[in-house]
Amino acid sequence: MKIVIIGCGFAGLSAAETLSRRIDADITLIDRKEYFENLALLPEILSGKVNTSDVTGDIRKFAKRTGANFIVGEVYDVDFDEKQVYLRRGRGTEVSAESYDFLIISVGAEPSFFGIPGAEEHSFTVNSLESVLSARRKLDELAQAQAQAKHWHWHCAVEGDGVAEDRSGVAEDRRAGDRSIDVVIAGAGLTGVEVAGEVVDFLRGRGACRIVEMMPRVLPAMPEKVSRRVAHMLARRGVEMLTGHAVQSVRENEIELRKVSSSESVVLHFDMLIWTAGLKPNRLSERISAPKVRGWLKTDDYLRVYGFEDVYAIGDIAHFERASRTSGKNAEEAERQGKAAAENIARALKGKPLKEYTPKNTVQNPRALISVGGNEAIAYFNGILFTCFAYRIKKHIERKFMRKFSVNRGEI
Ligand SMILES: Cc1cc2nc3c(=O)[nH]c(=O)nc-3n(C[C@H](O)[C@H](O)[C@H](O)COP(=O)(O)OP(=O)(O)OC[C@H]3O[C@@H](n4cnc5c(N)ncnc54)[C@H](O)[C@@H]3O)c2cc1C
């Protein structure tokens, strides 16, 4: 019996771990990367609180521990009739196929720019280690340019060439202020808010951080009291929030917004734009002919792709809805779905009835631990909101997760 898992994120790894405990089967993991990336930790790369080894895990070692095979390759198609998965290996030139008896699709999501002109071209994203490292490099470049400009003005003041009035630092400070690093974040969802906190920690007073959001409040998917508290915490940290502003277009160093209430146009300058405004299904979903909801793979009550008995979709790529409860796109749901799908495959193989999945962190009733930088966070669970120890709890859960998967640390 061969079970193939495409995508080794929170969902895929959780499924593999449960399968390895529950049944004796040939499990093959496929991922386009050799390393698991803990997306929830990526914003902290911006401030330097964590580095690459803290946010990654060696899938090969994980596979060895769980007795699974691991193939590094990008899946580009699936043939459900022939039960074949097609992938490109190496630099994309080598093509191969893997057959399966059961298939789990857990390839996640990718950023969406909603076709807004210039948005993709002129912004940074934080949805992968590679993209967040590139954003961090940009922040470093901006800080370095600012420091050089400061040094130059100080030098002019010392030399007395008339550029600065004296050595007291007054003129220097004024000019340095002129060279403030302007960071704009598009989207005030969970990721945008966390990114803002980390950007403020990076800037340490060297610049300004603004969040632009189309909806009338930050964290629009969370209850209002959570939004209010997070907005208050961000404002205290100096983040400017432009809610009710929809992005119209982006040019080099300029973002054009439209006030939702009055249609008035507003243009903001930026040195760096970080895009966290939307998610869309992984592009593999386009190749899969199966029922979908806005591109996400629609699943039945047991997490199987609708209409299939041997194909499951879990994590961000899946749309799971049961009794008016829709799974949220978060790490907790991805992990729980991974376990539940594996459990159902084990049941199917043993001839037992499958178990219906019950989501917990839902669109209708979300829960989250949200950090806002400065080692502060808020926790929202079952209607209760608290800040005390929230950051420590978040860190503890993250560390436990990385330990649980016994991911091997090492610079990549
Ligand atoms: C910056 C950021 C911060 C976040 N913070 C939080 C948070 O604090 N709390 C929280 O609960 N959630 C958070 N999330 C959301 C959470 O990370 C996702 O919900 C979760 O990662 C979904 O897990 P997944 O397994 O479905 O997908 P992923 O974790 O994205 O894994 C998908 C895997 O599939 C692989 N893959 C993709 N396409 C292919 C292909 N064609 N072939 C082979 N392999 C492929 C990828 O390399 C990847 O390893 C955050 C997300 C981001 C981007």
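All values reported here derive from a predicted model rather than from experimental measurement.

Undergrad: Report on the overall build of the protein chain, specifying residues and quantitative values.
TA: When helices and strands are tallied, the protein chain shows 11 helices and 27 strands. At 24 Å, the protein chain has a C-alpha radius of gyration in line with the 22 Å of a compact globule built from 412 residues. Structurally, the protein chain occupies a C-alpha span of about 85 × 45 × 40 Å along its principal axes. Sorting the 412 residues of the protein chain into buried and exposed places 41% on the buried side. Across the protein chain, the fraction of contacts at a sequence separation of at least 24, relative to all contacts at a separation of at least 6, is 63%.

Undergrad: If you had to explain the site of the ligand to someone new, which residues and values would you point to?
TA: As a matter of local geometry, the ligand sits amid 32 residues, with Gly7, Gly9, Gly108, Gly315 and Asn330 nearest to it. For the shell around the ligand, the elements supplying multiple residues, two or more each, are helix H1 (10-22), strand S2 (26-31), strand S6 (74-79) and helix H10 (331-349). Looking at side-chain class alone, the shell around the ligand contains 15 nonpolar, 10 polar and 7 charged residues.

Undergrad: For helix H4 (residues 59-66), give the residues involved together with the corresponding values.
TA: All of the buried residues in H4 are Ile59, Phe62 and Ala63. The arc that holds the buried residues of H4, viewed along the axis, is 100 degrees, so those residues lie on one side. Where H4 is buried, its residues touch H1, S2, strand S3 (35-37), strand S4 (56-58) and strand S5 (69-72). Looking at the residues trailing H4, positive phi occurs at Gly67, about 75 degrees.

Undergrad: Go over the domain arrangement of the protein chain, please, and point to the residues and values.
TA: By the assigned domains, the protein chain splits into domain 1 (2-32 + 73-112 + 280-365) and domain 2 (129-277). Using C-alpha coordinates to define each centre, domain 1 is positioned 38 Å away from domain 2.

Undergrad: Lay out helix H7 (residues 190-203) with the relevant residues and their values.
TA: Helix length check: H7 (14 residues) gives 20 Å between terminal C-alpha atoms against 20 Å at 1.5 Å per residue, within 8%. In terms of burial, H7 is a largely internal element, 14 of the 14 residues being buried. Just beyond H7, the residue with positive phi is Arg204, at close to 40 degrees.

Undergrad: Summarise the sheet that holds strand S26 (residues 377-381); cite the residues concerned and give the values.
TA: The strand order across the open sheet built from 3 strands is S25-S26-S27, with neighbouring strands paired in antiparallel fashion. This sheet does not close on itself; its edge strands, each paired only once, are strand S25 (368-371) and strand S27 (384-386). Between one strand axis and the next, the sheet turns through 15 degrees on average, direction left out of account. Sitting on the sheet, helix H8 (residues 224-236) is in contact with S25, S26 and S27, with an inclination near 175 degrees to S26.

What counts, and where the lines are drawn
Residues numbered from 1 in each chain as written. Predicted model: local features only at pLDDT ≥ 70, side-chain atom pairs only at ≥ 80, totals over all residues. Helix = DSSP H or I, 4+ residues; strand = E, 2+ residues; numbered from the N terminus. Rg over C-alpha atoms; globule rule 2.2 N^0.38 Å. Buried ≥ 20, exposed ≤ 12 C-beta atoms within 10 Å, placed from the backbone. Contact = placed C-beta atoms within 7 Å. Near = placed C-beta within 6 Å. Nonpolar A, V, L, I, M, F, W, Y, C, P; charged D, E, K, R; others polar. Arc of directions from axis to C-beta. Domains from an automatic or database assignment. Expected span 1.5 Å × (residues − 1). Pairing = 2+ DSSP bridges. Axes fitted to C-alpha atoms, helices over the stretch in contact; angles between N-to-C directions.

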